[in-house]
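Structural features, examined
This is what each chain is made of:
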Amino acid sequence: MTFRQLLQSVERYARQAERTLVSGIVTEIFSSHCRVNGLSDFLELGDCVRIGSARDGHIGQVVRVSKDGAAVETFEGHTRIALNSPVYRAGPIEIAPHSSWAGRVLNAFAHPVDEGAPLTPGDQPRAVDSQAPKAMRRGRVSVPIRTGVRAIDCFTPICAGQRIGIFAGSGVGKSTLLSMLACAQGFDTVVICLVGERGREVREFLDDVVASQARDAITIVATGDESPMMRRLAPLTATTIAEHFRDIGRSVLLIVDSVTRFAHASREVALAAGEPPVAHGYTPSVFADLPRLLERAGPGEEGKGSITGIFSVLVDGDNHNDPIADCVRGTLDGHIVLERAIAEQGRYPAINLSASISRLANQAWKPEQRHLVLKLRSLVSRFEDTRDLRMLGGYQKGADAELDQAVLLVPKLYEAISQSPRSPPSIDPFREIADKLQSAAAQS
């Protein structure tokens, strides 16, 4: 052990020893939280406490502090707490990521849940609620990443360090598309966070995607039956792990499914703390938590690695303008919109090409590729705008040359970009689409 490691161990022990010097007691118990007296002068928002025992008591987090006491929410869903139980300060939540965590499945506290060996902690603990790098110290985003999904690589290309959202209603293929993106090449480390998912889907995702194609990924899981505190913590833990590998120079892919369930959990926590709802039942702190989480992804400081963030957004009732979707869309560097009507046609991934955009596409396109994409977008828009007209028999071939071209090529384009998880990843998406369209033009 080096002198620096020894010093860090001594400092960590000193901090832990100091926390056991003060304690309070539980004075009120509610269904969602409890009130603690005697610790208000020693607590900060976000601090953790242990209820019942300083070593192995129930873990809770401080969500409100006043002179009259502190409100504490536990991470366990159903905790038996008695009045006058002792409460001990435990400080902020910290984890110490390590390279040996690759391939492991963890909970929101970064504890293994895959029945594997105990984790090896890293040398430097990191607080899970850290700040994003300073804007003027961050590197530029310019290196394109090939995902293997033709529709994305052509129409909404992604660069290393970019943050992009996948917006979709339930059952439209959002998780399936994420599983395809998790297999993208060009990343040193993959961190996957599953928030509020069904337990069955978590097992299927781990067996079908992680075990077979992304076996070195670090997966953080907080299922839908876990407490709001655990669902709120999981993306913070996943982002902290990604930041560790970014800071040692790696290119990291961070996938969070979904940001909406993180927002739902934050809303439940904030409502229990007494915050008033302001928009669709969401509290003001939710709209502060979302940018703080999303901004932590992206390029690191000059000379370090980057975090390419892919965040899914579950739009409530297929309303792409709900408050959470609006807030996330305004923060990210692009959005991919999945439409239920397209999925009902049997075309997957069900990407609405006209509504999807990558704000860094010009960094990835060559001039001729950009010209082709703009032309195809124009044809797709013309084809979709005249769909009702053509169904009513109002279209006559030869009356409009551009519409004739759209009717000829757009169905072939849709066929070319259709892809399933079992399909091989695309190697040269522009060439594959061009060959399909040239074949259709030759047959006409």
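Residues numbered from 1 in each chain as written. Predicted model: local features only at pLDDT ≥ 70, side-chain atom pairs only at ≥ 80, totals over all residues. Heavy atoms only, no water.

1. Things to note about the overall build of the protein chain
- The helix and strand inventory of the protein chain stands at 14 helices and 19 strands.
- Compactness check: the protein chain gives a C-alpha radius of gyration of 25 Å against a globular reference of 22 Å for 444 residues, within 12% of the reference.
- Reported as C-alpha extents along the three principal axes, the dimensions of the protein chain are approximately 85 × 50 × 40 Å.
- Split into buried and exposed, the 444 residues of the protein chain put 51% on the buried side.
- Across the protein chain, every contact between residues at least 6 apart in sequence was considered, and the portion connecting residues at least 24 apart equals 70%.
- Here the protein chain has roughly 21200 Å² of accessible surface; of this, 50% comes from carbon and sulfur atoms. (Helix = DSSP H or I, 4+ residues; strand = E, 2+ residues; numbered from the N terminus. Rg over C-alpha atoms; globule rule 2.2 N^0.38 Å. Buried < 20%, exposed > 50% of the residue type's maximum accessible area, 1.4 Å probe, protein only. Contact = heavy atoms within 4.5 Å. Areas by Shrake-Rupley, 256 points an atom, 1.4 Å probe, with all protein chains shown as cover.)

2. Here's the deal with the pattern of salt bridges
- Going through the model one piece at a time under the given rule, you end up with 25 salt bridges.
- For Glu-201, the salt bridge is made with Arg-200, and the minimal N-O distance between the two is 3.7 Å.
- Classification of Arg-200 as partly exposed rests on a relative accessible area of 48%.
- One network of salt bridges, with partners in common, ties together Arg-138, Arg-163, Glu-295 and Asp-333. (Salt bridge = Lys/Arg side-chain N within 4 Å of Asp/Glu carboxyl O.)

3. Some words on the pairing of strand S12 (residues 163-168)
- Here S12 lies mainly inside the structure; six of its six residues are buried.
- With burial as the criterion, each face of S12 is covered, one bearing Arg-163, Gly-165 and Phe-167 and the other bearing Ile-164, Ile-166 and Ala-168.
- Bridging between S12 and strand S17 (residues 306-314) involves six bridges; their strand directions are parallel. Looking across to S17, one finds that Ile-166 is bridged to Ser-312.
- With three bridges connecting them, S12 and strand S18 (residues 334-337) associate as parallel partners. By the bridge assignment for S18, Ile-166 is matched with Ile-336. (Pairing = 2+ DSSP bridges.)

4. Some points on the sheet that holds strand S6 (residues 86-91)
- Spatial strand order, S1-S2-S5-S4-S3-S6: six strands in a closed barrel with antiparallel pairing. With direction set aside, neighbouring strand axes in the sheet form an average angle of 45°.
- Alignment of strand S4 (residues 58-66) against strand S5 (residues 69-74), held across six bridges, turns out to be antiparallel. Across the sheet, the residue bridging to Gly-60 is Thr-74, located in S5. (Axes fitted to C-alpha atoms, helices over the stretch in contact; angles between N-to-C directions.)

5. With respect to the side chain of Thr-156
- Inspection of the secondary structure puts Thr-156 in the loop between helix H2 (150-155) and strand S11 (158-159).
- Non-local contacts of Thr-156, meaning those with residues more than four positions away in its chain, are made with Ala-151, Ile-164, Ile-336, Ser-356, Ile-357, Ser-358 and Arg-377.

6. Some details on the packing of helix H7 (residues 284-294) against helix H8 (residues 323-331)
- Contact pair H7 / H8: the axes reach a minimum separation of 10 Å and the direction vectors enclose 35°. The element H7 and its partner H8 pack so that their crossing is right-handed. Touching Val-286, Phe-287, Leu-290, Pro-291 and Leu-294 of H7 are Pro-323, Ile-324, Cys-327, Val-328 and Thr-331, all from H8.
- Class assignment of the residues belonging to the contact of H7 with H8 gives a composition of nine nonpolar, one polar and no charged. (Left-handed = near helix turned anticlockwise from the far one by under 90°. Nonpolar A, V, L, I, M, F, W, Y, C, P; charged D, E, K, R; others polar.)

7. Focus: the packing of helix H11 (residues 367-385) against helix H13 (residues 401-417)
- At their nearest, the axes of H11 and H13 sit 8 Å apart, and the two run at 100° to each other. The orientation of H11 relative to H13 falls into the category roughly perpendicular. The segment H11 lies against H13, with Lys-375, Leu-376, Ser-378, Leu-379, Val-380, Arg-382, Phe-383 and Glu-384 engaging Glu-402, Leu-403, Gln-405, Ala-406, Val-407, Leu-409, Val-410, Pro-411, Leu-413 and Tyr-414.
- Considered class by class, the residues forming the contact of H11 with H13 number twelve nonpolar, two polar and four charged. (Parallel < 35°, antiparallel > 145°, perpendicular 65-115°, else oblique.)

8. Some words on helix H4 (residues 199-210)
- Relative to the 16 Å expected for twelve residues at 1.5 Å per residue, H4 spans 15 Å between its end C-alpha atoms, a close match to the ideal helical length.
- For H4, every residue scored as buried is listed here: Val-202, Phe-205, Leu-206, Val-209 and Val-210. One side of H4 holds all its buried residues, which, seen down the axis, span an arc of 110°. Turned more than 90 degrees from where H4 packs its buried face, Arg-203 and Asp-208 sit exposed. (Expected span 1.5 Å × (residues − 1). Arc of directions from axis to C-beta.)

9. Quick word on the state of the cysteines
- For the structure shown, the criterion picks out zero disulfides.
- Cys-48 forms no disulfide, and the closest cysteine sulfur to it belongs to Cys-34, at a distance of 13 Å.
- Cys-154 supplies the cysteine sulfur nearest to Cys-159, a cysteine that is in no disulfide, at a spacing of 14 Å.
- The exposure class assigned to Cys-159 is buried, which follows from its relative accessible area of 0%. (Disulfide = S-S within 2.5 Å.)

10. Describing the packing of aromatic side chains
- Per the stated rule, a full pass over the model turns up three aromatic pairs.
- Note on Tyr-282 and Phe-287: the rings are 6.2 Å apart at their centroids and 70° apart in plane angle, and the pair reads as edge-to-face.
- Overall, Tyr-282 belongs to the buried group, its relative accessible area being 2%.
- Judged by centre distance (6.2 Å) and plane angle (80°), the ring pair of Phe-383 and Tyr-414 falls under edge-to-face. On the criterion of sequence distance, the pair formed by Phe-383 in helix H11 and Tyr-414 in helix H13 is long-range, its members being 31 residues apart. As far as the burial class goes, Phe-383 and Tyr-414 line up, both buried.
- Here Arg-390 stacks its cationic end above the ring of Phe-383, 4.0 Å away from the centre of that ring. (Phe/Tyr/Trp six-rings, centres within 6.5 Å; stacked < 30°, edge-to-face > 60°. Lys NZ or Arg CZ within 6 Å of the ring centre and 35° of its normal.)

11. Overview of the environment of Leu-177
- Following the sequence through the fold, Leu-177 ends up in helix H3 (residues 174-181).
- Taking C-alpha positions, Leu-177 is 8.8 Å from Ile-166, a pair spaced eleven residues apart along the chain.
- Contacts of Leu-177, omitting those with residues within four sequence positions, involve Val-149, Ile-152, Ile-166, Leu-338 and Pro-349.

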